Amino acid sequence: MMPPQPPTPRVRISGLSAGYSGRTVLHQVTADIPGAAVTSLTGPNGSGKSTLLGVLAGVIKPTSGEVEHCGGGTAAFVPQRSAVSDALPLTVRQTVAMGRWADRGPWRRLTARDHATVDAALRRLGIAHLADRQLGELSGGQRQRTFIAQGVAQDADLLLLDEPCTGLDPEARASIEELLVQLVADGATVVQATHDLESAGAGEHCLRLRDGRLDAAGHPPAALAHTAPAGAPVGDGRVR
Ligand SMILES: Nc1ncnc2c1ncn2[C@@H]1O[C@H](COP(=O)(O)OP(=O)(O)OP(=O)(O)O)[C@@H](O)[C@H]1O
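Before going into details, it helps to say that this report is about the structure given with it. These numbers come from a predicted model, not from an experiment.

1. Here's the deal with the overall build of the protein
- A tally of helices and strands in the protein yields eight helices and nine strands.
- Looking at the 240 residues of the protein, the share that counts as buried comes to 42%.
- A separation of at least 24 residues holds for 70% of the contacts in the protein among residues at least 6 apart in sequence.

2. Side note on the pairing of strand β2 (residues 23-34)
- Relative to β2, strand β1 (residues 9-20) runs antiparallel, the two sharing eight bridges. Within β2, the residue paired with G19 across the bridge is T24.
- Here β1 hands over to β2 after two residues, with S21 in that stretch at a positive phi of 25 degrees.

3. A short note on the nonpolar core
- Counting 56 residues, the largest nonpolar core has A149, L159 and L160 as its most contacted members.
- A per-element tally of this core places β2 first, with five residues.

What counts as what
- Residues numbered from 1 in each chain as written.
- Predicted model: local features only at pLDDT ≥ 70, side-chain atom pairs only at ≥ 80, totals over all residues.
- Helix = DSSP H or I, 4+ residues; strand = E, 2+ residues; numbered from the N terminus.
- Buried ≥ 20, exposed ≤ 12 C-beta atoms within 10 Å, placed from the backbone.
- Contact = placed C-beta atoms within 7 Å.
- Pairing = 2+ DSSP bridges.
- Core = buried A, V, L, I, M, F, W, Y, C linked by C-beta atoms within 7 Å.

Here's what the structure looks like:
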């Protein structure tokens, strides 16, 4: 019998170092992001999770090493909810429609196809009935769905989510986790930064960072139970 094949990586990260204006935050990270799976980035505050998302999104350029995107799709970055003001005078539909700007340019008239894509994203996230509501009127879970819908409306196959469940009550958190599983079933690759070990345990793969270095990698929760001694190498984060 053939041995089981490892999942195809959507992203291969090799010897990656990156940071901000001369300050290196990520050091020599080697890891795979498996395709059509949820990968969780965990680690303490300041360990480099958001920075790694920024590199995967192409916003932060590596100072050394390589990030190879396999398969030719595009990436959509969904920021932390707290990074977006409650007071923005935007409706749910307008917020999701901003996902089309990457193709169309800001404030350009959207085509019929763009509108159809926005409608499909609203339906996919179960928020079509909220389309005309202001962002400020929404619950935390509804706002989070709106921002994920904005990512889905970009027609990206790689969704990069920064703390999608932080600040949500257990019910809303469970429903976002279920949603991520559904997006993967549709063929998306999801990477979420999370402090929540329960959320991380629900995914197929996990990379844990400490001080910008890969500290543990593999299938959660087993990979998260392992703690490497400080400074000890963990091998690499390749999927096998
Ligand atoms: N725009 C920036 N300019 C300079 N330094 C930054 C910037 N953003 C983050 N850093 C620094 O990079 C390091 C890693 O931050 P990052 O936000 O990637 O960590 P994190 O693991 O996502 O943290 P948290 O869990 O608190 O969100 C921190 O020391 C932080 O101060």
